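Tertiary structure, described
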Amino acid sequence: TMNLVLEQTIPRAHQMGVTFVEMRPGYVRAEVPFEGNGNHFGVMYAGVIFTVAEVLGGAIHYATFDVSTHYPLVRGMQIDFLAPGTGPLSASASLSDDEIARIRTEAVNGKVPFELVAEVVGEDGTLVARTRGDYQIRPYGR
């Protein structure tokens, strides 16, 4: 379902081949192929690496929180590129049970900020990038 949502709401990410492969409350993982996403010197384009990590914030919202009352939004993101991506990549992020409980409790009163750290790895386990996203869930109509 989330892959269809991605196709409809962020067509560019879908065109890159970003797909969600695991989603459960508090955890999300997405993958992106190398084919079609390389740059002029033969490694994964930085914008693709950023995208596969950034979309995790929306996905974790859909997997964890009430999508009928709140929507996700990214307010800022820091990325550290640590190694070249020379093949398909996987990005994952998680929230602790305590953080999920805090967000759910505070959501009753409106907007709730949260931080999401993601790691982007190659199929050989090489850590390609790490992101620190400043996200927020917001109630509809406010």
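Refer to the structure presented above.
Described in the following lines is the structure provided in the data block. (Residues numbered from 1 in each chain as written. Predicted model: local features only at pLDDT ≥ 70, side-chain atom pairs only at ≥ 80, totals over all residues. Heavy atoms only, no water.)

1. Remarks on the environment of Met 23
Here is the rule we go by: Every helix listed is a DSSP run of H or I at least four residues long, and every strand listed is a run of E at least two residues long, numbered separately from the N terminus. The contact definition used throughout considers only heavy atoms, calling two residues in contact when any of these lie within 4.5 Å.
Structurally, Met 23 can be placed in strand β1 (residues 19-24). The spacing of Met 23 and Met 77 is 54 residues in sequence and 21 Å in space, taken between C-alpha atoms. Met 23 has contacts with Met 2, Val 28, Ala 59, Tyr 62 and Ala 63, leaving out every residue within four places of it along the chain.

2. Some thoughts on the sheet that holds strand β2 (residues 27-32)
To summarise the sheet geometry, strands pair through backbone hydrogen bonds and adopt either a parallel or an antiparallel arrangement. Here is the rule: DSSP calls a pair of strands paired once it identifies at least 2 bridges connecting them. All axes here are fitted lines through C-alpha atoms, helices being fitted over the stretch that makes contact, and every angle between N-to-C directions spans 0 to 180 degrees.
Read across the open sheet, the 6 strands follow the order β1-β2-β4-β5-β6-β3; overall the sheet is antiparallel. Both edges of this open sheet fall to β1 and β3 (70-81), since each of them pairs with a single strand only. The mean angle between the axes of side-by-side strands here comes to 20°, regardless of whether they run parallel or antiparallel. Of the strand pairs in this sheet, β3 and strand β6 (residues 127-139) are connected by 11 bridges, and their pairing is antiparallel. Directly across from Gln 78, in β6, lies its bridge partner Arg 132. Across the sheet, helix α5 (residues 97-107) is in contact with β3, β5 (112-122) and β6; its angle to β5 comes to roughly 145°.

3. So, the environment of Thr 69
We count it as follows: N or O atoms closer than or at 3.5 Å make up a polar contact, with two conditions inside protein: a donor-capable atom paired with an acceptor-capable one, and, for residues adjacent in sequence, both atoms drawn from side chains.
Its location among the elements puts Thr 69 in the loop between α4 (56-64) and β3. Sequence-wise, Thr 69 and Arg 138 are 69 residues apart; in three dimensions their C-alpha atoms are separated by 8.2 Å. For Thr 69, the contacting residues outside a window of four places in its chain are Arg 138, Pro 139 and Tyr 140. Polar side-chain contacts of Thr 69 include one of 2.8 Å to the side chain of His 70.

4. Describing the packing of helix α3 (residues 46-54) against α4
The axes of two packed helices give the description: the angle between them and the distance between them. The criterion, for reference: Small angles under 35 degrees read as roughly parallel and large ones over 145 as roughly antiparallel, with 65 to 115 read as roughly perpendicular and the rest as oblique. Here the nonpolar group is Ala, Val, Leu, Ile, Met, Phe, Trp, Tyr, Cys and Pro; Asp, Glu, Lys and Arg are the charged ones; every other residue, Gly included, is treated as polar.
Here α3 crosses α4 at 15°, and the two axes come no closer than 5 Å. Considering their axes alone, α3 and α4 lie roughly parallel with respect to each other. Contacts between α3 and α4 involve Val 52, Ala 53 and Glu 54 from the former and Leu 56, Gly 57 and Gly 58 from the latter. Within the contact of α3 with α4, the residues separate by chemical class into 3 nonpolar, 2 polar and 1 charged.

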